[in-house]
Amino acid sequence: MKHLISSEQFTADLLHELFVLADQMKSHPRDFDDVLKHKVVATLFYEPSTRTRLSFESAVQRLGAKLISTENAREMSSAIKGENILDSIRVVQGYCDAIILRHYENDAARKATEVARVPVINAGGGTGEHPTQALLDLYTIHSFKKRISGTKVAVLGDLKNGRTIHSLLKGLALYSDIEVYGLSRKGLELPDEYIHYLKDRGITYHALSSLEDIPVFVDVLYHTRTQTERMNGEQAGSGEIIIDQAAMNRFSDQSLLMHPLPRNQEIAQELDSDPRAIYFRQSENGLFIRMALLYLLLGATVGR
Ligand code: NCD
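As recorded in an unreviewed UniProt entry, the protein goes by the name Aspartate carbamoyltransferase, listed as coming from Paenibacillus enshidis. Regarding the protein, the UniProt comment filed under Sequence similarities (unreviewed entry) reads as follows: "Belongs to the aspartate/ornithine carbamoyltransferase superfamily. ATCase family."

If you want it as C-alpha cells, here you go:
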C-alpha cells in the first residue's frame with residue numbers, strides 16, 4: 001500500500017499488523033522516538049479539524065519526523081488565488097515525504113495520487129470516506145472487545161453524509177459474523193452503495209426506525225452528529241436521535257458507546273462518566289494508530 005485513500009484498501013492482516021504496532025507505540029513510545037527522523041510530512045487541510053490534524057501532527061513529531069502544515073488551506077493557501085488542488089499537490093510533494101490531505105471533495109485524495117510521487121493519506125474527503133478514523137475506530141473495538149469478528153454494531157445519526165460511518169462499515173466488512181444495525185432520522189439514511197457493499201460481503205444491514213429496535217446486547221453503539229454544514233441550507237428532518245442516560249440504561253453493561261467527535265447534542269453529557277462511554281479514549285487511540293500508519297507507509301524507507 002503506497003497511499004491510503006479508502007477503507008477498501010484494508011485487509012484483516014494489515015489491520016492486525018497496525019493494531020500490534022499501535023499497541024507497541026502506546027506501551028513503549030520512546031522506542032519510536034526517531035524512527036522517521038529524516039522525513040518531512042505535510043498536513044494540508046481544506047476543511048476544519050481538531051482531532052485528526054492534531055493527532056496526525058503529534059504522531060509525526062513523536063516519530064521524530066518534521067512537519068509542514070496549512071490548517072486552513074481553503075482560505076489561507078493558493079486555493080484562494082485559484083490554484084487547483086492538483087497543482088497544489090504537485091508543489092507540496094516537492095517539499096515533503098508524505099501528504100496528509102483533508103478536502104471538501106469526496107474524490108480529492110484519489111485525484112491527488114495521480115500526480116503525487118509521495119504517499120497521500122486521506123484524512124477525510126467530503127461525504128465520502130475517512131479511512132484513518134475507521135482505523136482508530138476498529139482499533140478501539142479490538143482493544144476493548146479483543147476481537148472484531150462476531151460483533152454487533154449499531155450506527156446512528158447522519159448515515160448519509162457521515163464519512164466516518166462509510167469507512168467504518170467498509171472496515172467491518174473484512175471480518176466474519178458481523179451484524180450491522182442502522183438508525184437515522186428521515187432523509188439521512190445510509191446510501192444504497194454501502195448497503196450493497198455489506199451485502200456483497202455477506203453482511204445484512206438492518207435499517208431500524210427507533211432506538212428500542214436495537215438489540216440490548218449490541219456490542220457497539222456508534223453515534224455521529226448531523227453534518228449540517230453539508231446540507232446547503234436544507235434543514236435536517238425532525239426526529240434527532242439522542243442518547244441520554246435513560247436510553248443507555250436499556251443496553252447491557254458490555255455495550256460500548258462510541259462517537260468520532262465532535263459531538264453536538266446527540267449524546268448527553270451526563271453519559272461522559274458512564275464506563276461504557278469510550279469516545280474520549282477512542283479519540284486518544286487516534287494518535288497511536290496514526291503513528292503506526294505513518295511508520296508503515298514511511299518507515300520502510302528509513303535510512304535510505
Ligand atoms: C469527523 C469528520 O471529520 O468526518 N471528525 C473526525 O475526524 N473525528 C466527524 C465529524 O466531523 O462529524
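Structure's up, so let's keep going.
*Asks:* So what's going on with the overall build of the protein? Which residues, and what values?
*Replies:* Along the protein, the regular secondary structure elements total 10 helices and 9 strands. Here the protein has a C-alpha radius of gyration of 19 Å; the compact-globule value for 304 residues is 19 Å, and the two agree. Looking at the protein as a whole, 55% of its 304 residues qualify as buried. Long-range contacts, defined as pairs at least 24 residues apart, comprise 77% of the intrachain contacts of the protein with a sequence gap of at least 6. Of the roughly 13500 Å² of accessible surface on the protein, 48% is carried by carbon and sulfur atoms. Here the protein contributes 35 positively and 39 negatively charged side chains, and the mean placements of these two sets differ by 4 Å.

*Asks:* An account of the sheet that holds strand E7 (residues 205–207) is requested, with residue identities and associated values reported.
*Replies:* Within the open sheet, the 5 strands sit side by side as E7-E6-E5-E8-E9. Their pairing is parallel. Strand pairing shows two members of the sheet lacking a second neighbour, E7 and strand E9 (256–258), which therefore form its edges. Looking at each pair of strands side by side, their axes are set apart by 20° on average, direction ignored. Relative to the sheet, helix H7 (residues 163–172) contacts strand E5 (152–156), strand E6 (179–183) and strand E8 (220–222), its axis offset from that of E5 by approximately 165°.

*Asks:* Quick rundown of a nonpolar patch on the surface? Include the residues and the values.
*Replies:* A contiguous nonpolar patch, built from Ile68, Val91 and Tyr95 and spanning about 270 Å² of accessible area, is present on the exposed surface. Residue position: Ile68 is located in strand E2 (residues 66–70).

*Asks:* With reference to specific residues and values, describe the UniProt feature "domain: Aspartate/ornithine carbamoyltransferase Asp/Orn-binding" (unreviewed entry) in the protein.
*Replies:* When the UniProt feature table is mapped to this numbering, "domain: Aspartate/ornithine carbamoyltransferase Asp/Orn-binding" (unreviewed entry) covers residues 150–297. Here residues 150–297 is 29% helix and 13% strand, with 30 Å between the C-alpha atoms at its ends.

*Asks:* Account for helix H4 (residues 85–92), naming residues and giving values.
*Replies:* All of the buried residues in H4 are Ile85, Leu86, Ser88, Ile89 and Val92. Looking straight down H4, one finds that the buried residues subtend no more than 155° of arc, so they occupy a single side. In this structure, the buried side of H4 is in contact with strand E1 (40–45), strand E3 (98–103) and helix H5 (108–113). Between the side-chain oxygen at the start of H4 and the backbone nitrogen of Leu86 there is a gap of 2.9 Å, and the oxygen is on Asn84.

*Asks:* So what about the environment of Tyr197? Which residues, and what values?
*Replies:* By secondary structure assignment, the location of Tyr197 is in helix H8 (residues 192–200). Judged by relative accessible area, which is 14%, Tyr197 ranks as buried. Through-space distance from the C-alpha of Tyr197 to that of Ala173 is 8.2 Å; in sequence the pair is 24 residues apart.

*Asks:* Can you explain the packing of aromatic side chains? Please cite residues and give values.
*Replies:* Here the structure, examined in full by the defined rule, presents 3 aromatic pairs. Over the ring of Tyr197 we find Arg201, and its NZ or CZ is 3.5 Å from the ring centre. The aromatic ring of Phe251 is capped on one face by Arg250, whose charged end is 4.9 Å from the ring centroid.

*Asks:* Mind laying out the sheet that holds E3, listing which residues take part and the relevant values?
*Replies:* The pairing of strands in a sheet comes from backbone hydrogen bonds and takes either a parallel or an antiparallel form. A sheet is described by the order of its strands in space; here 4 strands give the open sequence E2-E1-E3-E4, paired in parallel fashion. Looking at strand neighbours, the two that pair on one side only are E2 and strand E4 (120–125), the edges of this open sheet. Direction aside, neighbouring strands of the sheet carry axes that sit 15° apart on average. As paired strands, E3 and E4 are joined by 4 bridges and run parallel to one another. Within the sheet, the bridge partner assigned to Ile100 lies in E4 and is Ile121. Helix H2 (residues 51–62) rests against E1, E2, E3 and E4 of the sheet, and its axis sits at about 160° to E2. Contacts between helix H10 (residues 279–298) and the sheet are confined to E1, E3 and E4, with E4 contributing the most and set at about 145° to the helix.

*Asks:* Go over the site of the ligand with me, naming the residues and quoting the values.
*Replies:* Every residue lining the ligand is accounted for by Thr52, Arg102, His130, Gln133, Arg163, Thr164, Arg225, Gln227, Pro260, Leu261 and Pro262. At 2.8 Å from an oxygen atom of the ligand is found a side-chain nitrogen or oxygen belonging to His130. Its free accessible area being 310 Å², the ligand has 93% of it covered by the protein chains. Broken down by class, the residue content of the shell around the ligand amounts to 3 nonpolar, 5 polar and 3 charged.

The rules behind the values
Residues numbered from 1 in each chain as written. Predicted model: local features only at pLDDT ≥ 70, side-chain atom pairs only at ≥ 80, totals over all residues. Heavy atoms only, no water. UniProt positions renumbered as here; feature names shortened; annotations may be inferred. Helix = DSSP H or I, 4+ residues; strand = E, 2+ residues; numbered from the N terminus. Rg over C-alpha atoms; globule rule 2.2 N^0.38 Å. Buried < 20%, exposed > 50% of the residue type's maximum accessible area, 1.4 Å probe, protein only. Contact = heavy atoms within 4.5 Å. Areas by Shrake-Rupley, 256 points an atom, 1.4 Å probe, with all protein chains shown as cover. Lys, Arg positive; Asp, Glu negative; His and termini not counted. Charge placed at Lys NZ, Arg CZ, Asp CG, Glu CD. Pairing = 2+ DSSP bridges. Axes fitted to C-alpha atoms, helices over the stretch in contact; angles between N-to-C directions. Patch = residues over 30% accessible without salt bridge, like charges linked within 9 Å, V, L, I, M, F, W, Y side chains within 5 Å. Salt bridge = Lys/Arg side-chain N within 4 Å of Asp/Glu carboxyl O. Arc of directions from axis to C-beta. Polar contact = N/O pair within 3.5 Å; in protein donor to acceptor, adjacent residues only side chain to side chain. Phe/Tyr/Trp six-rings, centres within 6.5 Å; stacked < 30°, edge-to-face > 60°. Lys NZ or Arg CZ within 6 Å of the ring centre and 35° of its normal. Near = heavy atom within 4 Å. Nonpolar A, V, L, I, M, F, W, Y, C, P; charged D, E, K, R; others polar.

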